[in-house]
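Chain residues, written in single-letter form:
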Amino acid sequence: MKKPVKLDELVGEIEMDLEDTFTYIDVTTGEVITLTGEEIRAAEDERPLENFPEWQRENIERAICILEDEQGKYADFTLKNDYNEYELIEKFISTLEDEKINEALNDAIIGKGAFRRFKDKVIEFGIDKQWYTYKENRIKELVIEWCIEHDIEFQH
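The following paragraphs examine the structure supplied in this document.

About the thresholds
- Residues numbered from 1 in each chain as written.
- Predicted model: local features only at pLDDT ≥ 70, side-chain atom pairs only at ≥ 80, totals over all residues.
- Heavy atoms only, no water.
- Pairing = 2+ DSSP bridges.
- Helix = DSSP H or I, 4+ residues; strand = E, 2+ residues; numbered from the N terminus.
- Axes fitted to C-alpha atoms, helices over the stretch in contact; angles between N-to-C directions.
- Contact = heavy atoms within 4.5 Å.

1. Things to note about the sheet that holds strand β4 (residues 74–76)
Strand order in the open sheet formed by 3 strands is β3-β2-β4, with antiparallel pairing between adjacent strands. Of all the strands in the sheet, the pair left with one neighbour each is β3 (31–36) and β4. Pairs of neighbouring strands in the sheet enclose a mean axial angle of 30°, with direction left out of account. In the packing of helix α1 (residues 7–16) onto the sheet, contacts are made with β2 (21–26) and β3, and the angle to β3 comes to roughly 20°.

Structural data, given as structure tokens:
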């Protein structure tokens, strides 16, 4: 019996955007598991668990289970790696009807520091709530599409 994964947990994984982490879904329990690259490498290299602090050992053991999984119990949540916030920002800007705001935001996202400038500008124009709602809804849509594509049951 498969248990559905919580949509909000997967959305949260994308929004947190932690470097060098990997996310898996236990399709039997619906649990979302996040492991660091270090924990996965430790499992791959079969390093002794004693070399790691207590709190990390459980994750390394889970990484071993995931690496050795032949029953398809764990799904690799690859969408997290494919998600591109810059593209999302461009799409958001194209939905805005005010030419002046549209132009100012397009200028803001060019070059180094684009994300910070964009966030400053949406606050300045008072459309930050609109941006965050757009972003969350779009991420939810992407996660739902991904789940359907990978035959992962989910709940809202």
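What follows continues from the structure just given.
2. Quick notes on the pairing of β3
With 6 bridges joining them, β2 and β3 adopt antiparallel strand pairing. Looking across to β3, one finds that T23 is bridged to T34. Linkage of β2 to β3, two consecutive antiparallel strands, is achieved through a turn of 4 residues, within which G30 is found at a positive phi near 80°.

Geometric descriptors of this kind do not, in isolation, establish any biological role.
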